[in-house]
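# Reading the structure
Below, each chain spelled out in residue letters.
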Amino acid sequence: MLASLVPFYWLINTSLKTGAELSSGTLFPTAPSLQNYAEVLQDGEFLTALRNSVIVGVVTTSLALLLASFAAYALARLKLPRKGLILGAVLSVTTFPVIAIAAPMFKIWSDLGIYDTLLGLIVPKLTFALPMAIFVLTSFFREIPFELEESALIDGATPFQAFRKVILPLAVPGIATTAILVFISVWNEFLLAVTLTSTPDARTVPVAIAFFSGTNEFDQPIGTISAASVIVTLPLLLLVLIFQKRIVAGLTTGAIKG
């Protein structure tokens, strides 16, 4: 816990320092100031990047959950030949190093006219988010007793109604867990975001922070970078705090048998 909290504390500590104190290694700021936060929140490019990250994160997560829920249901509940091979093929997408496909994707996106657009970010991020979402949801759907679905079918429900009214409500903890994992992955992704954008209009937060500059060529914007990092970390912390019960329930589903 200390190993995880100390770097975050140091980030907050640095974000509250200004001037020459930024280069000091003191554990507490002698004159805490919110100047760095004010400068970041007054930066129009950062606010645009924050908006872009929210749009890309929400849209990508929503599409990933929608598509993955259907795919995971088929892999977990239906009698399909070679389901293990299909799931393995899906997961193989995650083994591709992003750096290997970044340059070709840059050329293709430029030819298609979606380079430096939010759509150009959503599509590749969704491609890498889907396999993880399918894998996690497949595990959750397998834990739901088949008898519940069979009872719904016997009572006259169609397969889709059984999926929508029986399976999905029971899989809410797993869906919430998957949503958090996908959103965090998309929110923090940097390589594709920096490769497929060139202007502040389409940059996401991680890229915008990397392009922070000081007041002159000799000034290192350590304070503003720290403040911006704290600001972009808060949404993730809030998500975890709000959905912590469902996340814990989802992570422990299937851990106890009987």
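Structure first, text after, so check above.
Here is a short report on the structure shown in this document. (Residues numbered from 1 in each chain as written. Predicted model: local features only at pLDDT ≥ 70, side-chain atom pairs only at ≥ 80, totals over all residues. Heavy atoms only, no water.)

Take the packing of helix 3 (residues 44-77) against helix 9 (residues 172-188) next. Closest axis-to-axis distance for the helix 3/helix 9 pair is 9 Å, and the angle between their directions is 140°. In this view, helix 3 runs oblique relative to helix 9, as classed from their interaxial angle. As helix 3 runs across helix 9, the sense of the crossing is right-handed. Where helix 3 approaches helix 9, its residues Leu 50, Ser 53, Val 54, Val 56, Gly 57, Val 58, Thr 60, Thr 61, Ala 64 and Leu 65 are matched on the opposing element by Ile 175, Thr 178, Ala 179, Val 182, Phe 183, Val 186 and Trp 187. Each residue belonging to the contact of helix 3 with helix 9 can be placed in one class, and the counts come to 12 nonpolar, five polar and no charged. (Axes fitted to C-alpha atoms, helices over the stretch in contact; angles between N-to-C directions. Helix = DSSP H or I, 4+ residues; strand = E, 2+ residues; numbered from the N terminus. Parallel < 35°, antiparallel > 145°, perpendicular 65-115°, else oblique. Left-handed = near helix turned anticlockwise from the far one by under 90°. Contact = heavy atoms within 4.5 Å. Nonpolar A, V, L, I, M, F, W, Y, C, P; charged D, E, K, R; others polar.)

This part takes up the layout of surface pockets. Its boundaries defined by the atoms lining it, the second largest pocket holds a volume of some 180 Å³. Elements with a contribution of two residues or more to the lining of the second largest pocket: helix 3 and helix 7 (146-154). With four residues, helix 7 is the largest single contributor of residues to the lining of the second largest pocket. Classifying every residue of the lining of the second largest pocket by side-chain character gives five nonpolar, no polar and four charged. (1 Å grid on protein atoms, 1.4 Å probe; cavity = no way out; pocket = protein on both sides within 12 Å on 5 of 7 lines; lining within 4 Å. Points joined across faces, edges and corners; volume = space filled by probe spheres on them.)

Not every positive phi belongs to a glycine, and Arg 82 is a case in point at roughly 55°. A relative accessible area of 68% places Arg 82 in the exposed class. With a phi angle near 65°, Asp 116 is a residue other than glycine that sits in the positive phi range. Here Asp 116 lies in the loop between helix 5 (98-112) and helix 6 (118-143). Looking at Asp 116, the relative accessible area reads 18%, which means it is buried. (Buried < 20%, exposed > 50% of the residue type's maximum accessible area, 1.4 Å probe, protein only.)

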